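# Observations on chain architecture
One letter stands for each residue in the lines below.
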Amino acid sequence: MKTIIRSTMRLLCRNKGFWFFLVITPLLSTLVLSIKQGTLSMYETVGEMEIHELSEPSDRVAYFGGKGKYVVKVYDACGSDLSEYFLKKLTESGAILVCRVKAPQMTKNDADERVKTDGFNDRMGSSIYIGKDFDSEALKGDVKDSLIVYPLSDDERKELLAGEIKLVIGQIKTAAAQSGSNSDSVLSALTKMNEALPSKEVQVFAASDSVNLSNEQREQKGLMGYAFAILTLGYVFAGIFVAHTVINERRDMVTTRIRLTNLSDTGYFAGKLVVGVIVSVALTVIMAGCSFFISADKLAMSRLGFIAMIFLLGVIFSTISLFIGVLLGNVMSANIAAFAVWSMSSMLAGLYFPLDSTSDAIKTLSYIMPQKWFLRGTELTMVNDNSGILLLLGVTAAYLIVTLSLGSVGIKLKNNE
């Protein structure tokens, strides 16, 4: 078996594709983990009551829908302190998420055309156009011309939005009646009115099957998901390259000559399996070296825990891809299957985007994917829950037992053929 291991490693070292995945995937994962926080708008933020700023009127807000709030896209042609106050009060309701683009040159006709496009190419609850005359009309309590609301969904929370708008405009009108028609004095009066209101404190509770993470930890979890996806690609093809050696040796009748040495099929495939583990160790070591370019805060866990986690993930996928390649018995088919396993498992595990709003069938499928459990282990590790370690060890053992059992049966059938 030692000869099998040595010869397979020599073949792998001569393969340029093997070196590509061995080096590039850890480097790309390091680059992803070093991304500046605050870029993953699709991941839910806790207790956030801020206005999300957009760069262009054409920017889409569909990704903000995962937060469970009523998404409102605002075209602000006024840009005054009073319109800023109006939008902040909408966000403070807790149920409305405001995405604002400052568009001083936009007219109502422009907004009408933009909303037609958004209705087909984007997804939101409503759009709002704030005209240049918003201040003067809001002080009078009549904003029919400078505040246009465009409902773009059947969500019943549009009534909530209408109620909040009516409430805020009423507050502005009351403040104007008390302090005059000057915007600064009105804002001062509104500030005093809000100070007299009871203070509000937001508390977030995690469900029984979830972990309560901070906003920063949710961002880190999202980055970790992307890193897992890239590393999984490396581990999958590491196992496939080992499977290529088995396929080529079968084609060249090398396995027949190996049987003449009294080495059993079990010993032969055990040697290949050991090579798969060695390759996983090599890729993990390279990733461990790259991880020193990432601060411990970005990892959101200990460096040793991160390295152990990706190694366990690597062993699972290198083993799965090795047996898939051996069972298919064709290099091209093995490559296609490896890519399919990587892409589908990463997507269904929720590495690219949250699956909170998907159907129950998709959520059930996601629990079959190893990466789903490793994301779960990441969450537990972030909150210093030691059960995450036991979870990952148990998941790894379970997947290896299932893979080896099914793979051994398949290999016996393949040999009989």
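A brief structural summary.

How each quantity is defined
Residues numbered from 1 in each chain as written. Predicted model: local features only at pLDDT ≥ 70, side-chain atom pairs only at ≥ 80, totals over all residues. Heavy atoms only, no water. Patch = residues over 30% accessible without salt bridge, like charges linked within 9 Å, V, L, I, M, F, W, Y side chains within 5 Å. Areas by Shrake-Rupley, 256 points an atom, 1.4 Å probe, with all protein chains shown as cover. Salt bridge = Lys/Arg side-chain N within 4 Å of Asp/Glu carboxyl O. Helix = DSSP H or I, 4+ residues; strand = E, 2+ residues; numbered from the N terminus. Buried < 20%, exposed > 50% of the residue type's maximum accessible area, 1.4 Å probe, protein only. Core = buried A, V, L, I, M, F, W, Y, C linked by side-chain atoms within 4.5 Å. Contact = heavy atoms within 4.5 Å. Phe/Tyr/Trp six-rings, centres within 6.5 Å; stacked < 30°, edge-to-face > 60°. Lys NZ or Arg CZ within 6 Å of the ring centre and 35° of its normal. Lys, Arg positive; Asp, Glu negative; His and termini not counted. Charge placed at Lys NZ, Arg CZ, Asp CG, Glu CD.

Taken together, M1, V274 and I278 make up a surface patch of nonpolar side chains, about 230 Å² in accessible area. Turning to its location among the elements, V274 is positioned in helix α10 (residues 265-291). Classification of V274 as partly exposed rests on a relative accessible area of 34%.

To continue, consider the nonpolar core. Residues L33, F228, F237, F306 and F374 are the most contacted members of the largest nonpolar core, which totals 58 residues. Every element with two or more residues in this core is listed here: α1 (2-13), α2 (16-33), α8 (215-251), α10, α12 (303-328), α13 (331-348), α15 (370-382) and α16 (387-416). Not counting chain neighbours up to four residues away, the residues in contact with L33 comprise L223, M224, A227, M287, I294, K298, L299 and F306. In this structure, L82, V143, I165 and L187 belong to the second largest nonpolar core, which totals 29 residues.

Moving on, we get to the packing of aromatic side chains. According to the stated counting rule, one finds nine aromatic pairs in the structure shown. Ring centres 4.6 Å apart and planes at 5° place the aromatic pair F21 and F237 in the stacked group. Within this pair, whereas F21 is found in helix α2, its partner F237 is found in helix α8, the two being separated by 216 residues in sequence. The aromatic ring of Y367 is capped on one face by K372, whose charged end is 5.3 Å from the ring centroid.

A separate point is the pattern of salt bridges. Evaluated as defined, the whole model comprises twelve salt bridges. As a salt-bridge pair, E92 and K89 come within 3.4 Å of each other at their nearest N and O atoms. On the basis of relative accessibility, which here comes to 36%, the residue E92 falls in the partly exposed class. The residue E379 makes a salt bridge to K221 at a minimum N-O spacing of 2.4 Å. Of this pair, E379 sits in helix α15 while K221 sits in helix α8, placing them 158 residues apart in sequence. Taken together, the shared-partner salt bridges connect E53, D76, E84 and R100 into one network.

Another point: a positive patch on the surface. Among the surface-exposed residues, K2, R6, R10 and R14 lie close enough to one another that they form a single positively charged patch. Along the chain, R10 turns up in helix α1. Residue R10 is classed as partly exposed on the basis of its relative accessible area, which comes to 47%.

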